Amino acid sequence: MNHSNKDTRSSAESGEGRPLIKENAGQPNTYPTQSGKGVSQGLAGVRKAARENKEMKFTALLHHLTVDLLRDSFYSLKRKAAPGVDGVTWQEYETGLEGRLVDLHSRVHRGAYRALPSRRVFIPKADGRQRPLGVAALEDKIVQQGVVTILNQIYEEDFLGFSYGFRPGRSQHDALDALSYALLKKKVNYILDADVRSFFDNLDKSWMIRFIEHRVADPRILRLIQKWLKAGVMEEGKWSEPETGTPQGAVITPLTQKVIMTV
């Protein structure tokens, strides 16, 4: 387990010549989510506990997945995103939204929620190859975004200060800014540019769950993640469940990737 702490992260950030990001500089009552909104007092308590005890395993998290959080998650999604296998668009789901969210919340909490397979699409890469993407159904995106918001309160206290990818309040521009400062102000002998080939396609699902279990011991949250991992993909009307890997494009995928790299 990575035992990085607030001091380590703050040192890394100040070493990059950047101001401390808000969530690490103090202990405000709310913290920014991926959509930029603040989280509830309850989630702020999760964050505080994660900061103060790096070995803590959180056994009760799902109750933080409220109708309000599901609503925030819905409005954080891209309005014009392509629909998943359910064919439901963002605009269609917004009609009668409150009733839909109450029903979704009920299904999640009583265990009746079922994850749908991702719709497999391909986008061209610069080298001529194609990158497979999984387009999740809209309700799966909503629940995934809610779970990501909850888990971020834990893992944002574990990630290192010079980590920028897929983090709330950070972007590739922030990373480039920090890199530019380091190159201009510090003695740099070399730069390592590395990429893991087909990383998402080769992730071991069972090991992914084991990594998450270092911090998360709520069986209902773990079951949700397992449902998404086992939902499979639909391609040209045919369903399949790859033995390894997780679909690129899922809301939950970037967080699980970073968890694996942190532990």
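Further up the page is the structure itself.
Residues numbered from 1 in each chain as written. Predicted model: local features only at pLDDT ≥ 70, side-chain atom pairs only at ≥ 80, totals over all residues. Heavy atoms only, no water.

## A word on the packing of helix α6 (residues 97–110) against helix α7 (residues 138–155)
The cut-off we apply is this: Throughout, an axis means a line fitted to C-alpha atoms (over the contacting stretch in the case of helices), and angles, computed between N-to-C directions, take values from 0 to 180 degrees. Strands are runs of DSSP state E lasting at least two residues, helices are runs of H or I lasting at least four, and both sets are numbered from the N terminus onward. Here the word oblique covers every angle except those under 35 degrees (roughly parallel), over 145 (roughly antiparallel) and from 65 to 115 (roughly perpendicular). Handedness of a helix crossing follows the sense of rotation of the near helix relative to the far helix, less than a right angle counterclockwise being left-handed and clockwise being right-handed. Pairs of residues are marked as contacts when any of their non-hydrogen atoms sit within 4.5 Å. By the convention adopted, Pro, Cys, Tyr, Trp, Phe, Met, Ile, Leu, Val and Ala count as nonpolar, Lys, Arg, Asp and Glu as charged, and the other residues, Gly among them, as polar.
Orientation of α6 relative to α7, taken along the N-to-C sense of each, is 65°, at an axis distance of 12 Å. Taken together, α6 and α7 sit at an angle that is classed as roughly perpendicular. Seen from above, α6 lies across α7 with right-handed handedness. Contact residues: α6 offers L104, R107 and V108, while α7 offers E139, I142 and V143. When its residues are assigned to classes, the contact of α6 with α7 shows four nonpolar, no polar and two charged.

## A closer look at empty space enclosed by the protein
Quick note on the threshold: Both cavities and pockets are sets of points on a 1 Å grid over the protein atoms alone; in a cavity a 1.4 Å probe fits but cannot get out, in a pocket the set is open with protein on both sides within 12 Å along at least five of seven lines, and lining residues sit with an atom within 4 Å of a point. Grid points are joined across faces, edges and corners, and a volume is the space filled by probe spheres set on the points.
The final tally for this structure, using the stated rule, is two cavities of 30 Å³ or more. The computed volume of the largest cavity comes to approximately 60 Å³. Considering only residue class, the lining of the largest cavity consists of nine nonpolar, two polar and three charged.

## A short note on the nonpolar core
Keep this limit in mind: By nonpolar core we mean a set of buried residues, namely Ala, Val, Leu, Ile, Met, Phe, Trp, Tyr and Cys, connected to one another through side-chain atoms within 4.5 Å. When accessible area is computed with a 1.4 Å probe and restricted to protein chains, residues below 20% of their type maximum are described as buried, those above 50% as exposed, and intermediate ones as partly exposed.
Ranked by size, the top nonpolar core spans 48 residues in total, and within it L61, V143, L151, I154, Y155, V216 and W228 carry the most contacts. Only α3 (41–52), α4 (67–76), α5 (90–94), α6, α7, α9 (205–212), α10 (219–230) and α11 (253–262) provide two or more residues apiece to this core. The dominant element in this core, judged by the number of residues it contributes, is α7, at nine residues. If we ignore the near neighbours within four places in the chain, the residues touching L151 are L61, V216, I221, I225 and L255.

## Side note on the side chain of R215
Just so we agree on the cut-off: Side-chain atoms alone can form a polar contact between residues adjacent in sequence; in general such a contact is a pair of N or O atoms within 3.5 Å, and within protein one must be able to donate a hydrogen while the other accepts it.
Examined against the element boundaries, R215 turns out to sit in the loop between α9 and α10. Separated by 2.9 Å, the side chain of R215 and the backbone oxygen of N53 make a polar contact. For R215, the side chain forms a polar contact with the main-chain oxygen of M56, separated by 3.0 Å.

## Things to note about unusual backbone geometry
In most cases, non-glycine residues show a negative phi, while peptide bonds are predominantly trans. The phi torsion at E236 lies on the positive side, around 55°, for a residue other than glycine. Among the residues examined, E236 registers a relative accessible area of 79% and is labelled exposed.

## So, the packing of α7 against α10
Here α7 crosses α10 at 135°, and the two axes come no closer than 11 Å. Viewed along their axes, α7 and α10 adopt a mutual orientation that is oblique. With respect to the hand of their crossing, α7 and α10 are arranged in left-handed fashion. Judged by residue contacts, D140, V143, Q144, V147 and L151 of α7 engage I221, L224, I225 and W228 from α10.

## Brief notes about the packing of aromatic side chains
Stated precisely, the cut-off is as follows: Each Phe, Tyr or Trp ring, with Trp reduced to its six-membered ring, pairs with another whose centre is within 6.5 Å; inter-plane angles below 30 degrees give stacked pairs, above 60 give edge-to-face pairs, and intermediate values give tilted ones.
Summed over the entire model, instances satisfying the criterion amount to six aromatic pairs. A centroid spacing of 4.6 Å and a plane angle of 5° characterise the contact between F74 and W90, whose relative ring orientation is stacked. One end of the pair, F74, is in helix α4; the other, W90, is in helix α5, and 16 residues separate them in sequence. Considered together, F74 and W90 belong to a single accessibility category, that of buried residues. Aromatic side chains Y75 and W90 sit 5.7 Å apart centroid to centroid with 70° between the ring planes, which places their arrangement in the edge-to-face category. Of the two residues, Y75 is situated in helix α4 and W90 in helix α5; the sequence distance between them amounts to 15 residues. Under the relative-accessibility criterion, Y75 is labelled partly exposed at 31%.

## Topic: the sheet that holds strand β2 (residues 130–135)
Note the threshold: Pairing between two strands is assigned when DSSP locates at least 2 bridges connecting them.
Strand order in the open sheet formed by four strands is β2-β1-β3-β4, and the pairing between neighbours is mixed. Lying at the two open borders of the sheet, with one neighbouring strand each, are β2 and β4 (238–240). Mean inter-strand twist for the sheet, computed between neighbouring axes without regard to direction, equals 40°. Alignment of strand β1 (residues 118–124) against strand β3 (residues 233–235), held across two bridges, turns out to be parallel. Counterpart to S118 in the pairing with β3 is V233.

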